[in-house]
Amino acid sequence: MVKVVDQVTEPKRKRFNKNKKKAWRKKADITEVEERLEEQRREERYGGPLEERKDSEMMFVDLGDGEGEASQADQENEAEFTLEYTVDEVPGSAGEVKLKPRKVKLKTPKLKSHQFINGLPGAKPPHKPRKKQGTLTVAMKKKKELQSKDPKQIKKRKEAVKQMLGDLQRKTKRPKSVISSKYTTDLWEEGADEVTQECKKKGLEESFIGSISDYYRRQRRMKPIKVPKIRHVPTSKLDPVSIPHAGASYNPSHQSHQKLLLRAVKQEEKRLKKIRKIEKATIKMFPTIDKAPTAKSWLTEMSEGLPKAYEEEEETEEPAEDCEEQENEETLPLQQNGEQGEQQAMNSKTVVVSNDSVTVSSKPITERKTKKVRRKEKRQKLQKLKKLKEKEDRIRSSNIYKLKTYQKEIASEEMEEQKRSASRRAHKEQLKFMPRRLANMKFEEEEIPVNLGDELADSLRTVVPAVELLEERFKNMQRRNLLEPRLKHKLKRKYKPKVVLKRGHREELAKMEKMEFSD
């Protein structure tokens, strides 16, 4: 049995993920959209869509086969050019060309290849032309009529128009200072920006204006970067390429060769002196094994100056009588001194006896001064102060006659200060020709390349370069403070750690393995 299907069902559309751009491009079907756009472009070429075109543009009156009058556009297209001149050679002249008027004027039609340069006739422009300034739409006219009745709306409109005009002027017109060729104002000078000018107009204090303009320029990123003063100052005054000494030549004179040898000897002496200094402080400070102190020598050294055994026995045998006499002589003056001290103490101390207790005070008894004595002391004190003041005035007045000596002293001090400043300047200038301390290490001069008299080459063919060029350039840059002094980097070898099982662990592992095999 064959079933007859009346209706044909459309095939089901394949579903796919649209959450990625890859699927949009590959799996999306945009043929319908492209066809619609192509049709729209074709309609625009032929004067726009049919719904928007007028009847007069689509319909025309048929007047027969060429009997009717052609339109003005067709007449213009079919207009002919007339050629009134011909190019002929003048007889008797060497290739001279001359224009000669034609007897019969030729007519040639216009080229049809330039027919559509100005567009198709009757086709609308693809973009709508901009409206001229001053044209008003119907809605704008109605709005204007309503605003003309309300005075508040008029005021608002005037302000809005004024603001718009101001914005336009700022955009289109340049300020007069820019138009004029005289660039007298500095853009980066303080007070040249708009913020400072506005602050001055409002009458703010000058102490606040600087900080406000600084903040504004920093936020707007208008503030220039401050270049350090020493940016263009050279690090050293030494030449980039130093000229070698005359004694380093392959054929030097005897005098210049001797001078270079002397410099090399002095350099070597300095190096050896440093080594000797280090050795003196380390190796030579301690004695060798054969000269090292023993226990016996240490005991003799430590017991130096102490009394020996036989001397102690002799001292003990001295008669005891002499000792007793000396003791008696020493005790007598001590007793006399003690009696005198007691008398002085009694004079200085005061004993106050009461019924219950006795108090002793170290302060001496002083009688109370009378008014007469006090007045006398005050008068003497004032006289003393008066005399001191008179003396100071007398010295000050006499100093007027010492002006010349003071002037000489000031002049001598100024001269000394000038000498000191000149010496400081000279020292500073000298430092510019010397390497600075840029790192932990000091700059060490390379060895002076010098050949002895026997080592001098006989000819240029046998000359050997004394210095490696890269090393010499590197040292030169360190000398001119462009690079810091440094040591050659040494690679440290890292050994892989050796893994060893302990004996106890090894035994335990063996036991565990046996248990596994038995299972």
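Numbering of residues starts from 1 in every chain and runs along the sequence as written. A pLDDT threshold of at least 70 governs which residues receive local features in this predicted model, and a stricter bar of 80 or more applies before side-chain atom pairs are shown or counted, although totals over entire chains, interfaces and linings include all residues. Hydrogens and water molecules were not included; the side-chain quantities draw on all heavy atoms of the structure.

A. A look at the pattern of salt bridges. Each reported salt bridge corresponds to a side-chain nitrogen of Lys or Arg within 4 Å of a carboxyl oxygen of Asp or Glu. Considering all chains together, one arrives at 13 salt bridges under this definition. Between R420 and E417 there is a salt bridge; the shortest N-O distance is 2.8 Å. Taken as a pair, R420 and E417 lie in helix α15 (residues 403-431) at a separation of three residues, close to a single helical turn. Since its relative accessible area comes to 37%, E417 is described here as partly exposed. Between E472 and R473 there is a salt bridge whose closest N-O contact spans 3.2 Å. Only protein chains enter the accessibility calculation, which uses a 1.4 Å probe. A residue is then buried if its area is under 20% of the maximum for its type, exposed if over 50%, and partly exposed in between. Taking the relative accessible area as the measure of exposure, E472 reaches 22% and is therefore partly exposed. Residue classification places R473 among the partly exposed positions, given a relative accessible area of 25%. Residues joined in a network through salt bridges with shared partners are K237, E429 and K432. Here a helix means four or more residues in a row that DSSP labels H or I, a strand means two or more in a row labelled E, and each is numbered from the N terminus.

B. Representation of the confidence of the model for the protein chain in the model. The pLDDT averaged across the protein chain works out to 76; a share of 66% of its residues lies at or above 70. Residue-level confidence of the predictor is summarised by pLDDT, bounded by 0 at the bottom and 100 at the top. Contact definition: two residues touch when any of their heavy atoms are within 4.5 Å. Segment residues 66-70 is flagged for pLDDT under 50; beyond a separation of four residues in sequence, or across chains, it makes three contacts in the model. Confidence drops under pLDDT 50 across residues 348-355; counting only partners more than four residues distant or on other chains, this segment forms 18 contacts.

C. Layout of the packing of helix α8 (residues 194-202) against helix α9 (residues 206-219). Working convention: axes come from line fits to C-alpha atoms, limited for helices to the stretch in contact. Angles between N-to-C directions cover 0 to 180 degrees. α9 packs onto α8 with a crossing angle of 150° between their chain directions and a minimal axis gap of 9 Å. Classified by the angle their axes make, α8 and α9 are roughly antiparallel. The handedness of the crossing between α8 and α9 is right-handed. Contacts between α8 and α9 involve V195, T196, C199 and K200 from the former and I209, I212, S213 and Y216 from the latter. Roughly parallel means an angle under 35 degrees; roughly antiparallel means over 145; roughly perpendicular covers 65 to 115; every other angle is labelled oblique. Take the far helix as the reference: if the near one is turned anticlockwise from it by less than a right angle, the crossing is left-handed, and if turned clockwise, right-handed.

D. Seen up close, the side chain of N481. Here N481 is to be found in the loop between α16 (469-479) and α17 (503-518). In this structure N481 comes out as buried when scored by relative accessible area, which is 9%. Counting of polar contacts relies on pairs of N or O atoms within 3.5 Å, with two restrictions inside protein: one atom must be capable of donating a hydrogen and the other of accepting it, and residues adjacent in sequence are counted only when both atoms are side-chain atoms. Among the polar contacts made by the side chain of N481, one reaches the main-chain amide nitrogen of R436 at a distance of 2.8 Å. Leaving out residues up to four positions away in the same chain, N481 has contacts with T235, S236, M434, P435, R436 and L438.

E. Region of interest: helix α2 (residues 31-45). With 15 residues, α2 should cover 21 Å at 1.5 Å per step; its first-to-last C-alpha distance of 21 Å lies within 8% of that length. Count one or two residues on from α2 and you reach G47, which has phi positive near 100°. Take the residue count of a helix, subtract one, and multiply by 1.5 Å to get its expected span.

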